[in-house]
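Commentary on secondary and tertiary structure
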Amino acid sequence: MSELFAREAAVIMPTYGRVPVAFVRGEGSWLFDEGGKAYLDCLSGLAVVSVGHANTRVAAAVAEQMTELVHVSNLYYTEPQVRLAERLTQLSGLARVFFANDGATANEAAIKLARRWGQKTKGADSYEVLSLVDSFHGRTLATLAATGQPGKQKVFEPLPPGFGQAKGHDPDVIAAAIGPSTAAVMIETTQGEGGVVPFEAAYLQEIRALCNEADVLMIVDDVQAGMGRTGSWFSWQGLGFEPDIATVAKALANGLPIGACLANERASVFDAGDHATTFGGGPVVCRAALAVIEEIEESEVLANCLARSEQLLEGLSALDGVASVRGRGLLLGAVLGQDRAAEVTSACLDAGLVVNNVRPNVVRFAPPLTITADEVDQAISRFAAALAG
Ligand SMILES: Cc1ncc(COP(=O)(O)O)c(C=O)c1O
């Protein structure tokens, strides 16, 4: 194995602080390394493989599409793209979709859409996107400018103008930060990369009301929390508000790269030529995403997500060394009593449990939404052993 690490170090740009393991196979909630060791995957490739590794329904749809039509570009019509947009608009209640390739490019589309809306409805001076401190919206220059983490931004300055950040949790802070140049407020309902920090429904509703009062758009970045992860199709559903624009990506095609920017009629202001991508919404990834949606519906995955969330939350909360557990659905953060998250995460790997540390004292759990009750019990006992070690 160390031979692969050395080869990687010789040819791959060192942007990732990788965990020392190479996986060769996955099945359901399980991953296997080169030596055949089994790991219970409670991270699902960073909240991506929501209907399990090597999902047969997704694999069959992709294999079929691969032999029919792989790519023609967006110069032409393809049926899977339209069918997926029909499903996403039905499920979200939003009106239209632009397909991108991942989370960052879905957010780029959302930012451009907000600017276009500001320009069209209020004039050239309405362009700013206001996001939150500790948010994460991607690594392209614009999405990095929207990301409220100065540590990630500093070495790439100057960043594109037209972005601002405000502290979360207090609506008055947002009210004060919305100004004449604001076109949109962009928010995650639960900050995933920011440490698994959920925002209260009342707070999110107040932001919606503030956006209405100020006549600015509300964007929900559902890249991590969307597509069932919080127990509903989209994370705002059940929280008593609706965004104007929303983005999804990670779990949409269970591991194939895809992103989507959805908007209501009011915000659907792109004209022909305003935005484009060569690969976005290709037939293969759209067939994969359609199969994911079918799997979530037919295997009652949302109900399983909620039941397993309760089980995991209760089990983790009862462990010595866990101060609290926060998050929604199967996006949970175990807040440790001490800054031991890195050490505990590493001990988990040794114990055959994949999780990750998102803060010095927070370990993130984001297993496949198809995880079974028995597997959740195993995850809790492996985590307990790692904590005790
Ligand atoms: C909320 C959120 N937005 C955007 C992104 C960026 O997505 P991608 O890595 O696919 O560009 C992420 C990735 O973690 C995310 O969690």
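A few points on the structure. (Residues numbered from 1 in each chain as written. Predicted model: local features only at pLDDT ≥ 70, side-chain atom pairs only at ≥ 80, totals over all residues. Heavy atoms only, no water.)

**Some words on the overall build of the protein**
Secondary structure summary: the protein contains 13 helices and 17 strands in total. Sequence-distant contacts, at least 24 apart, represent 71% of the contacts inside the protein between residues at least 6 apart. For the protein, the accessible surface area stands at approximately 16,800 Å², while carbon and sulfur atoms represent 54% of it. If the 29 positive side-chain charges of the protein are averaged to one point and the 45 negative ones to another, these points end up 4 Å apart. (Helix = DSSP H or I, 4+ residues; strand = E, 2+ residues; numbered from the N terminus. Contact = heavy atoms within 4.5 Å. Areas by Shrake-Rupley, 256 points an atom, 1.4 Å probe, with all protein chains shown as cover. Lys, Arg positive; Asp, Glu negative; His and termini not counted. Charge placed at Lys NZ, Arg CZ, Asp CG, Glu CD.)

**Some points on the layout of surface pockets**
When its volume is computed, the second largest pocket comes out at roughly 770 Å³. Taken together, 29 residues line the second largest pocket, and the ones lying closest to its centre are Gln81, Val97, Phe98, Phe99 and His275. Those elements giving two or more residues to the lining of the second largest pocket turn out to be α4 (79-92), β4 (96-100) and β12 (259-263). Broken down by class, the residue content of the lining of the second largest pocket amounts to 17 nonpolar, nine polar and three charged. (1 Å grid on protein atoms, 1.4 Å probe; cavity = no way out; pocket = protein on both sides within 12 Å on 5 of 7 lines; lining within 4 Å. Points joined across faces, edges and corners; volume = space filled by probe spheres on them. Nonpolar A, V, L, I, M, F, W, Y, C, P; charged D, E, K, R; others polar.)

**A few points about the site of the ligand**
Taken together, 13 residues sit near the ligand, with Gly103, Ala104, Asp221, Gln224 and Lys250 positioned nearest. Between an oxygen atom of the ligand and a main-chain N or O atom of Gly103, the distance comes to 2.8 Å. The separation between an oxygen atom of the ligand and a polar side-chain atom of Gln224 is 2.8 Å. If the ligand stood free it would expose 390 Å²; the protein chains cover 82% of that surface. For the shell around the ligand, the element with the highest residue contribution is helix α5 (residues 103-121), accounting for three residues. Tallied by class, residues from the shell around the ligand come to three nonpolar, five polar and five charged. (Near = heavy atom within 4 Å. Polar contact = N/O pair within 3.5 Å; in protein donor to acceptor, adjacent residues only side chain to side chain.)

**Details of the nonpolar core**
Grouped together as the largest cluster of nonpolar side chains are 81 residues, with contacts concentrated most on Leu88, Phe365 and Phe383. The biggest single contributor to this core is helix α10 (residues 283-298), with ten residues. For Phe383, the residues in contact, after removing those within four places along its chain, are Leu316, Leu319, Val322, Ala334, Leu336, Val344, Cys348, Leu353, Val363 and Phe365. In this structure, Leu113, Ile219, Ala267 and Val269 belong to the second largest nonpolar core, which totals 25 residues. (Core = buried A, V, L, I, M, F, W, Y, C linked by side-chain atoms within 4.5 Å. Buried < 20%, exposed > 50% of the residue type's maximum accessible area, 1.4 Å probe, protein only.)

**Structural notes on the packing of aromatic side chains**
This structure, assessed with the given rule, holds five aromatic pairs. Here Phe365 and Phe383 contribute two aromatic rings whose centre-to-centre distance is 5.1 Å and whose plane-to-plane angle is 85°, an arrangement assigned as edge-to-face. In this pair, Phe365 sits in strand β17 (residues 362-365) while Phe383 sits in helix α13 (residues 373-388), placing the two residues 18 residues apart along the sequence. Exposure remark for Phe383: the relative accessible area of 0% places this residue in the buried category. (Phe/Tyr/Trp six-rings, centres within 6.5 Å; stacked < 30°, edge-to-face > 60°.)

**Brief notes about the state of the cysteines**
Going through the model one piece at a time under the given rule, you end up with zero disulfides. Residue Cys42 stays outside any disulfide, its sulfur separated by 9.0 Å from that of Cys348, the closest cysteine. With a relative accessible area of 1%, Cys42 lands in the buried category. (Disulfide = S-S within 2.5 Å.)

**A word on the sheet that holds strand β16 (residues 356-359)**
Taken in spatial order, the four strands make up an open sheet running β13-β14-β17-β16, and their pairing is antiparallel. Two strands lie at the open edges of the sheet, namely β13 (322-328) and β16, each paired on one side alone. Put simply, the sheet's adjacent strands are angled 30° from each other on average, direction ignored. Contacting β13, β14 (331-336) and β17, helix α11 (residues 301-317) runs over the sheet at an angle of about 165° to β13. Packing of α13 onto the sheet brings it into contact with β13, β14 and β17, and relative to β14 it is tilted by some 25°. (Pairing = 2+ DSSP bridges. Axes fitted to C-alpha atoms, helices over the stretch in contact; angles between N-to-C directions.)

**Comments concerning empty space enclosed by the protein**
Scanning the entire structure with this criterion turns up one cavity of 30 Å³ or more. The computed volume of the largest cavity comes to approximately 60 Å³. Forming the walls of the largest cavity are 13 residues, and the residues nearest its centre are Ser73, Asn74, Gly281, Gly282 and Pro283. A class-by-class count of the residues in the lining of the largest cavity yields four nonpolar, nine polar and no charged.

These results come straight from atomic positions and should not be treated as a statement about function.
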